[in-house]
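# Geometric and topological summary
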Amino acid sequence: DMVWSGNADGETWSTDGNWILFDGTNYVAGSVPNSTTNVFLVTYGDGCSVGNPVLGGNSATKNLTIGEDKGLSLGSNTISIAGNLTNNGTFTAGTGSVIFNGNTHQTISGSSLTFYNVTFNNDKNFTFDGLTPIVNGSATFTSGIVTGDMNFGASASATVSDYTSYVDGSVTKTLGSSAFTFPTGSNGVLGSVTVPATRAGGSATI
């Protein structure tokens, strides 16, 4: 497990000195997380966790937990998450991307979550637990069924390839000036619906 300390500069995700490792007994000097590492962005001790990380390049984690007093900023970078994502803090998507690409079932939970770009690529499927994510950029459904509801902003888009990946729930889209494909389905049946471009304003739910 990697815990953010921010001891080096209080900001840069890709700096080894900003991380400490729990080795099962003690907290020791850590290194930059990877796809096998559980990451905790939490407040602990008195002044032991400084600042909030900002991605400086493409990064990866296994499980990612953002505590209520902490945050993560993607900028224009990509973070790949092979485990669960829990956000009870401040997740700032910028123009960055989140790729969910685990090999076991993945759960996305917390108080709220807004993506810019997001990709679902895991044939073991996904669940939204207690939240309805918002997408303001693009959502790509490559592999895996997403159980839960999703909201899409006026400029957002969605791409679905076949019946192996879609949203099994309600999809709400703020209507905009571009056509939009609702990435919906159920029981192994892809039921995507494309709505043509319309005047901005209002929303539709399928």
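Below you will find a few notes about this structure. Values in this document were obtained by computation on a predicted structure and should not be read as measured data.

## Structural notes on the overall build of the protein
Each helix and strand counted, the protein has zero helices and 27 strands in total. Its C-alpha atoms give the protein a radius of gyration of 18 Å, near enough to 17 Å, the size a compact globule of 206 residues would have. Along the three orthogonal principal directions, the C-alpha set of the protein runs to about 55 × 35 × 25 Å. For the protein, contacts bridging at least 24 residues in sequence account for 25% of all contacts bridging at least 6. Of the roughly 9100 Å² that the protein leaves accessible, carbon and sulfur atoms contribute 46%.

## Quick look at the sheet that holds strand S3 (residues 27–29)
One open sheet accounts for ten strands, arranged S3-S2-S1-S4-S6-S9-S12-S15-S18-S21; its pairing is mixed. Every interior strand has two partners, whereas the edge strands, S3 and strand S21 (167–168), have only one. The pairing of strand S15 (residues 126–129) with strand S18 (residues 146–147) spans two bridges and is parallel. Bridge pairing in S18 places Thr127 opposite Thr147.

## Quick notes on the sheet that holds strand S20 (residues 157–160)
Read from one edge of the open sheet, six strands run S5-S8-S11-S14-S17-S20, paired in parallel fashion. The open sheet terminates on both sides in strands that have one partner only, identified here as strand S5 (59–61) and S20. Averaged over all adjacent pairs, the angle separating strand axes in this sheet is 15°, with direction ignored. Pairing analysis gives three bridges linking S5 to strand S8 (residues 78–81), with the strands arranged parallel. Each bridged residue has a counterpart across the sheet, and for Ala60 the counterpart in S8 is Ser80.

## Focus on empty space enclosed by the protein
Inspection of every chain in the model, using the stated rule, returns one cavity of 30 Å³ or more. In this model, the largest cavity occupies a volume close to 60 Å³. Around the largest cavity, the lining residues are Lys173, Leu175, Gly176, Ser178, Ala179, Phe180, Phe182, Val195, Pro196 and Thr198. The residue inventory of the lining of the largest cavity, partitioned by class, reads six nonpolar, three polar and one charged.

## Here's the deal with the packing of aromatic side chains
Applying the stated rule across the entire model yields twelve aromatic pairs. On the basis of an interplanar angle of 80° and a centroid distance of 5.1 Å, the ring pair of Trp4 and Trp19 is categorised as edge-to-face. Within this pair, whereas Trp4 is found in strand S1 (residues 2–4), its partner Trp19 is found in strand S2 (residues 19–22), the two being separated by 15 residues in sequence. Judged by centre distance (5.1 Å) and plane angle (70°), the rings of Phe120 and Phe126 are edge-to-face. An identical accessibility class is assigned to Phe120 and Phe126; each is buried. Through pairs of rings, three or more aromatic residues link up here, namely Phe91, Phe100, Phe115, Phe120, Phe126, Phe128 and Phe141. Positioned above the aromatic ring of Phe180, the side-chain terminus of Lys173 is 5.2 Å from the ring centre.

## Section: unusual backbone geometry
Unlike most non-glycine residues, Asn125 shows phi in positive territory, near 85°. With respect to the helices, strands and loops of the structure, Asn125 is situated in the loop between strand S14 (117–121) and S15. Its identity as a non-glycine residue notwithstanding, Asn187 has a phi of 55°, on the positive side. Take Asn187: its relative accessible area is 73%, and that puts it in the exposed class.

## Examining the environment of Ser143
With respect to the secondary-structure elements, Ser143 resides in strand S17 (residues 138–143). Judged by its relative accessible area of 16%, Ser143 falls in the buried class. Residue contacts for Ser143: discarding those within four places in its chain leaves Phe120, Asn121, Asn122, Asp123, Phe126, Thr164 and Ser165. A polar contact of 3.3 Å, which involves the side chain of Ser143, links it to the backbone nitrogen of Asp123.

What counts, and where the lines are drawn
- Residues numbered from 1 in each chain as written.
- Predicted model: local features only at pLDDT ≥ 70, side-chain atom pairs only at ≥ 80, totals over all residues.
- Heavy atoms only, no water.
- Helix = DSSP H or I, 4+ residues; strand = E, 2+ residues; numbered from the N terminus.
- Rg over C-alpha atoms; globule rule 2.2 N^0.38 Å.
- Contact = heavy atoms within 4.5 Å.
- Areas by Shrake-Rupley, 256 points an atom, 1.4 Å probe, with all protein chains shown as cover.
- Pairing = 2+ DSSP bridges.
- Axes fitted to C-alpha atoms, helices over the stretch in contact; angles between N-to-C directions.
- 1 Å grid on protein atoms, 1.4 Å probe; cavity = no way out; pocket = protein on both sides within 12 Å on 5 of 7 lines; lining within 4 Å.
- Points joined across faces, edges and corners; volume = space filled by probe spheres on them.
- Nonpolar A, V, L, I, M, F, W, Y, C, P; charged D, E, K, R; others polar.
- Phe/Tyr/Trp six-rings, centres within 6.5 Å; stacked < 30°, edge-to-face > 60°.
- Buried < 20%, exposed > 50% of the residue type's maximum accessible area, 1.4 Å probe, protein only.
- Lys NZ or Arg CZ within 6 Å of the ring centre and 35° of its normal.
- Polar contact = N/O pair within 3.5 Å; in protein donor to acceptor, adjacent residues only side chain to side chain.

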